[in-house]
Amino acid sequence: MSKSQRPQVFIEKIMPVKQVYYEHGGNPFKGLHRWYSRKPLSFSRASVLASLLPADISMEEFEYLLGLHPEKDGILIKKKEPIKLYKTPPTSAVIEKLEEYCEKVWGKRKPVILDAFAGGGSIPFEATRYGLNVLASDLNPVAVVTMKAAMEYPLKFGADLQQDIDKWVKFVGDEAEKRLAEFSLHNQ
Ligand SMILES: C[S@@+](CC[C@H](N)C(=O)[O-])C[C@H]1O[C@@H](n2cnc3c(N)ncnc32)[C@H](O)[C@@H]1O
């Protein structure tokens with residue numbers, strides 16, 4: 001769909017970068033593997049939504065679709081702390097509403113999100129949380145493996161995956177310690 005065939009989208013008008021980035025950010029995948037310029041999940045979520053939603057929705061509606069007003073869906077929140085979006089998947093009501101907008105703007109409820117430079121996978125992860133169809137790729141095979149570990153394997157292997165991860169992390173750690181022992185300062 002060319003630009004002239006679709007309405008202007010939200011990101012072409014405004015993007016609440018500061019608020020989303022500093023107050024609601026974080027990225028739990030940092031612990032999985034270091035990756036260049038890994039974005040906070042809140043920021044990736046905002047980028048995905050702002051690229052799909054029409055420009056004429058209000059900022060309050062955008063914030064609701066981001067998940068910043070769960071009280072509207074009857075979910076109780078502690079007012080003292082700002083909501084951490086990276087810890088908070090969208091409600092089913094929010095997903096339903098996003099699908100309605102997508103149908104209006106893109107002619108389908110679940111458009112395909114393409115991230116050809118996906119790196120650590122923050123954009124594909126957030127798009128998947130909203131039930132969108134995602135295609136992700138990266139030039140670097142390490143990034144691709146990291147994305148698979150974050151997105152595909154937990155769904156494919158379930159909770160048992162944790163035991164295997166613990167086993168192999170210990171194996172690699174023990175092996176590295178053995179092989180590097182002769183270079184340790186304690187042995188010199
Ligand atoms: C800034 S990182 C993306 C970070 C990602 N948005 C995140 O939050 O984790 C940019 C990525 O683009 C990839 N890249 C660079 N040139 C590319 C190319 N020609 N084709 C595919 N990927 C490429 C790099 O390997 C790197 O992983």
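The structure we're discussing is the one just above.
None of these values were measured; they are calculated from a predicted model.

Colleague: So what about the pairing of strand β1 (residues 112–115)? Which residues, and what values?
Modeller: Burial along β1 is one-sided: the residues I113 and D115 are buried and none of V112 and L114 is. Judged from the 4 bridges that link them, β1 and strand β2 (residues 133–136) form a sheet pairing that is parallel. Each residue of the ladder has a partner; that of D115, found in β2, is A136. You can see the chain leave β1, run along helix α5 (residues 122–129) and come back into β2, and the turn it takes is right-handed.

Colleague: I'd love a proper account of the packing of aromatic side chains, names of residues and values included.
Modeller: Two aromatic rings, taken as a pair, are described by how far apart their centres are and by the angle between their planes. Counted according to the given criterion, the structure contains 5 aromatic pairs. Relative to F62, the ring of F10 lies with its centre 4.3 Å away and its plane at 20°, an arrangement referred to as stacked. Of this pair, F10 sits in the segment before α1 (17–24) while F62 sits in helix α3 (residues 59–66), and the two are 52 residues apart along the sequence. Note on F10: relative accessible area 1%, which makes it buried. Centroid distance W168 to F171: 5.4 Å. Interplanar angle 75°. Geometry classified as edge-to-face. With W168 and F171 both in helix α7 (residues 160–180), this residue pair falls 3 residues apart, about one helical turn.

Colleague: Can you lay out the pattern of salt bridges for me, pointing to particular residues and giving the numbers?
Modeller: Tallied over the entire structure, the rule returns 13 salt bridges. Between E12 and R6 there is a salt bridge, and its shortest N-O distance comes to 3.2 Å. The class for R6 is buried, based on a relative accessible area of 17%. Salt-bridge contacts for E100 lead to K97; the nearest nitrogen and oxygen are separated by 3.8 Å. A residue pair is termed a helical-turn pair when its members lie 3 or 4 positions apart in one helix, as E100 and K97 do in helix α4 (residues 92–106) at 3 residues. On the basis of relative accessibility, which here comes to 34%, the residue E100 falls in the partly exposed class.

Colleague: So what's going on with the packing of helix α2 (residues 41–52) against α4? Which residues, and what values?
Modeller: The N-to-C vectors of α2 and α4 enclose an angle of 45°; their axes lie 9 Å apart at closest approach. Classified by the interaxial angle, the pair formed by α2 and α4 is oblique. Within the contact between the two elements, α2 uses L49, S51 and L52 and α4 uses L98, C102, V105 and W106.

Colleague: Mind laying out the site of the ligand, listing which residues take part and the relevant values?
Modeller: Around the ligand there are 15 residues in total, and W35, K39, G120, S122 and D138 lie nearest to it. Measuring from an oxygen atom of the ligand, one finds a side-chain N or O atom of S122 at 2.9 Å. In this structure, D138 approaches the ligand through a side-chain N or O atom, which is 2.7 Å from an oxygen atom. Here the residues of the shell around the ligand sort into 6 nonpolar, 6 polar and 3 charged.

Colleague: If you had to explain α5 to someone new, which residues and values would you point to?
Modeller: Of all 8 residues making up α5, 6 are buried, and the element is well covered by its neighbours. Residues of α5 that are buried include every one of S122, P124, F125, E126, A127 and R129, and no others. Of the surrounding secondary structure, the elements contacted by the buried residues of α5 are α2, α4, β1, β2 and α6 (141–157). Where α5 terminates, the next one or two residues include G131, which has phi positive at roughly 75°.

Parameters and conventions
- Residues numbered from 1 in each chain as written.
- Predicted model: local features only at pLDDT ≥ 70, side-chain atom pairs only at ≥ 80, totals over all residues.
- Heavy atoms only, no water.
- Buried < 20%, exposed > 50% of the residue type's maximum accessible area, 1.4 Å probe, protein only.
- Helix = DSSP H or I, 4+ residues; strand = E, 2+ residues; numbered from the N terminus.
- Pairing = 2+ DSSP bridges.
- Right-handed = clockwise from strand over helix to strand, strands pointing away.
- Phe/Tyr/Trp six-rings, centres within 6.5 Å; stacked < 30°, edge-to-face > 60°.
- Salt bridge = Lys/Arg side-chain N within 4 Å of Asp/Glu carboxyl O.
- Axes fitted to C-alpha atoms, helices over the stretch in contact; angles between N-to-C directions.
- Parallel < 35°, antiparallel > 145°, perpendicular 65-115°, else oblique.
- Contact = heavy atoms within 4.5 Å.
- Near = heavy atom within 4 Å.
- Polar contact = N/O pair within 3.5 Å; in protein donor to acceptor, adjacent residues only side chain to side chain.
- Nonpolar A, V, L, I, M, F, W, Y, C, P; charged D, E, K, R; others polar.

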